[in-house]
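# Residue-level structure breakdown
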Amino acid sequence: MQTIFIQVKAELGRAYEVADAASEVEQVSEVYSTSGHYDLMMKCYLPKDEDIGHFVNEAIQTLPGVKDTFTIITFKAFS
């Protein structure tokens, strides 16, 4: 499995709607509200052979209310 984090900027007033929709995506493990430039952070587990770009483009960026995303690819978990 590969772990990625996706920061999501929602359209104004739609962060909770986006969070609810994201929690229905199988690969999304956790959704957090955050402060700063992005409204939400999603922790996702993808199979090693799954294309990250396709996943983000097709499963996350198409959710209703998503305005922008920023993807963080992880290398190693220390604990």
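The structure reproduced in this document is the subject of the present report. (Residues numbered from 1 in each chain as written. Predicted model: local features only at pLDDT ≥ 70, side-chain atom pairs only at ≥ 80, totals over all residues. Heavy atoms only, no water.)

## Details of the side chain of T69
The criterion, for reference: The way it works is that DSSP assigns letters per residue, a run of H or I at least four long becomes a helix, a run of E at least two long becomes a strand, and they are numbered from the N terminus. Think of a polar contact as two N or O atoms within 3.5 Å of one another; within protein, one of them needs to be a possible hydrogen donor and the other a possible acceptor, and neighboring residues in sequence only count if both atoms come from side chains. Residue contacts follow a heavy-atom distance rule, with two residues in contact if any of their heavy atoms lie within 4.5 Å.
Within the fold, T69 resides in strand β4 (residues 66–73). Looking at T69, its side chain comes within polar contact range of the side chain of Q61, at 2.8 Å. With near-sequence residues (within four places) excluded, T69 lies in contact with I6, Q7, V8, Y38, V56, I60 and Q61.

## Quick look at the pairing of strand β3 (residues 40–46)
Spelled out, the test is: For every residue, the accessible area (1.4 Å probe, protein chains only) is compared with the maximum for its type, and the residue is labelled buried under 20%, exposed over 50%, or partly exposed between those bounds. Strands are labelled as partners when DSSP assigns at least two bridges between them.
With five of seven residues buried, β3 is to be regarded as a mostly interior element. Sheet topology note: the strand β1 (residues 2–10)/β3 ladder contains seven bridges and is antiparallel. Opposite T3, over in β3, you have Y45 as the bridge partner. Here strand β2 (residues 28–33) folds back onto β3, and the loop between the two strands holds six residues, one of which, G36, carries a positive phi near 110°.

Limitation: the analysis is restricted to geometry and does not speak to function.
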